[in-house]
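Chain by chain, the residues:
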Amino acid sequence: MNQVVQKHRFFQRFTLVFSLLVWVGSFPGFGLGSKDQSGQGSGDPGLHRAIAVFIPGVMSGSPIYEMLAAGVKQAAAEQSTAERPVTVTVIEGGFNQAEWESRITALAASARYDLIVSSNPSLPAIASAVSVKFPQQHFLLLDGELAGNPRIYTLRYNQREQAYMAGHIAALVAGEADQEVRTGIRIGLVAGQEYPAMNEVILPAYRAGAQRVDPSCTVDFRVVGNWFDAGKGAELAADMIRGGAKIILSIAGGANEGVVQAAFEAGAKVVWFDTNGYGVRPGTVVGSAVVYQDKAAYEQTLRFLEGTLPFGSAELVGVAEGYVDFIEADPHYQASVSAPIREQQGRLLAQIRSGALDLQE
Ligand code: RBF
């Protein structure tokens, strides 16, 4: 027998023994933590429930992730009792996206967590790959979509509404800066990276919202290439401003800081996404199109703990359901945006909220 065949046989046997160990370990009462992975409806009041929050990136600079962890923690704190404690472990996965799947595989393999919670559109594919290897693991994924896997629940936001509201305020403010000449307006969008939700939903809806104000409006779209480089964000923003875009929607995580700084220095404006950003740089940030991810994370974690989270389904929520909005009630918005512009934006918001303008995806 040559060496290659021997080696091959060895690996075959090794794989078989390893698979058997994993299989046996998956029975309750055997091996690795031996906890009831169903996590739900077990009726055992002595069970400790453990939740892992996997941050695909880092929390700092990405409010969408800060909201995720905050919501899960709040639900856990409310449901935790001495007899049935609920613990939450937050794990930052870092910016190397190639490592996320192996990090999540390790979490699932540890069999320590009844639920893994995460957020962004790339997570459903990663979770379903992990699910093939560790089918007992449950996932709650926000800001992403996948239906049909009985261990995965997803909830995403109507980002067409969110980006449309952002584009509308951007064009209004840019138009006013151009002495009411509301034609040929140019606005900017800086993204951390390109992904289907960005290219197919957010960017087109941002453009459409702006074109409601000025049908000839164009969008200067630039990509940082990561979610942390504030220097690159500033460089891109400065270049866009020189090119005529005096207002920029920034969706770039930690790089947002650079966009805001460059806009401030050039006397340009910024529209914020996901959270209320007026306080980030009062007078420079003139719009905030938000998602209430903290509320979603809180409510869905509660459903999980109560045993009613509908795994296998994918839900979509927007303005009508109270998860997407544009913040008007903020003193910085009122101080930095003129009354006529606020009224015009308010009229659009009223139409979306009442359903008169339907921006369903
Ligand atoms: N948004 C952030 O604010 N910070 C991030 O680190 C971040 N990383 C992302 C990584 C991937 C692979 C994808 C597809 C999206 C990421 N987003 C991030 C964007 C986020 O999912 C969402 O689209 C925006 O926050 C707008 O709501």
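Our subject is the structure listed above.
Counting starts from 1 at the beginning of each chain's written sequence and moves along it residue by residue. The predicted origin of the model limits local features to residues at a pLDDT of at least 70 and limits the giving and counting of side-chain atom pairs to 80 or more, whereas totals for whole chains, interfaces and linings rest on all residues. Only hydrogens and water are set aside; all other atoms, that is, all heavy atoms of the structure, feed into the side-chain values.

1. With respect to the packing of helix α3 (residues 100-109) against helix α4 (residues 123-133)
Next, step 1: Orientation is described by axes fitted as lines to C-alpha atoms, over the contacting stretch for helices, and by angles from 0 to 180 degrees between their N-to-C directions. Under the scheme used here, helices are H or I runs from DSSP no shorter than 4 residues and strands are E runs no shorter than 2 residues, and both carry numbers assigned from the N terminus. The N-to-C vectors of α3 and α4 enclose an angle of 45°; their axes lie 10 Å apart at closest approach. Overall, the two elements α3 and α4 adopt an arrangement that is oblique. The handedness of the crossing between α3 and α4 is right-handed. Contact with α3, carried on its side by W100, E101, I104, T105 and A108, involves L123, I126, A129, V130 and K133 of α4 and no other residues of that element.
Next, step 2: Any residue that is not Ala, Val, Leu, Ile, Met, Phe, Trp, Tyr, Cys, Pro, Asp, Glu, Lys or Arg is counted as polar, Gly included; the first ten are nonpolar and the last four charged. Looking at the contact of α3 with α4 residue by residue, the classes come out as seven nonpolar, one polar and two charged. Angles are sorted into four bins: roughly parallel if under 35 degrees, roughly antiparallel if over 145, roughly perpendicular if 65 to 115, and oblique for all others. Crossings are sorted by hand: turned counterclockwise from the far helix by less than a right angle, the near helix makes the crossing left-handed, and turned clockwise it makes it right-handed. Two residues form a contact once any of their heavy atoms are found within 4.5 Å.

2. So, α4
Next, step 1: A 1.4 Å probe rolled over the protein chains alone gives each residue an accessible area, and that area as a share of the maximum for its type sets the label: buried under 20%, exposed over 50%, partly exposed in between. If you check which residues of α4 are buried, you get L123, P124, I126, A127, V130 and S131. Here the buried residues of α4 occupy an arc of 160° about the axis, which is enough to place them on one side. Those residues of α4 that are exposed and aimed more than 90 degrees away from the buried face are A125 and V132.
Next, step 2: On the buried face of α4, the contacting elements are α3, β3 (115-119), β4 (138-142) and β5 (152-157). Here the arc refers to the directions that run from the helix axis out to each C-beta atom.

3. With respect to the site of the ligand
Next, step 1: The cutoff for a nearby residue is simple: one of its non-hydrogen atoms must lie within 4 Å of the molecule or strand. For the ligand, the set of nearby residues contains 17 residues, the closest of which are S62, D143, Q159, Y195 and D274.
Next, step 2: Separating an oxygen atom of the ligand from a side-chain N or O atom of D274 is a distance of 2.6 Å.
Next, step 3: Going through the elements one at a time, α2 (63-79) and β9 (269-274) are the ones with two or more residues in the shell around the ligand.
Next, step 4: Residues of the shell around the ligand, tallied by class, amount to eight nonpolar, seven polar and two charged.
Next, step 5: Here the limits of each domain have been adopted from an automatic or database domain assignment. If you count residues domain by domain, the shell around the ligand takes at least three from each of domain 1 (37-157 + 292-324) and domain 2 (159-290 + 328-354). In protein, a polar contact means a hydrogen-donor-capable atom and an acceptor-capable atom, both N or O and within 3.5 Å, with residues adjacent in sequence counting only if both atoms are side-chain atoms; elsewhere, any N or O pair within 3.5 Å suffices.

Keep in mind these numbers describe shape, not what the thing actually does.
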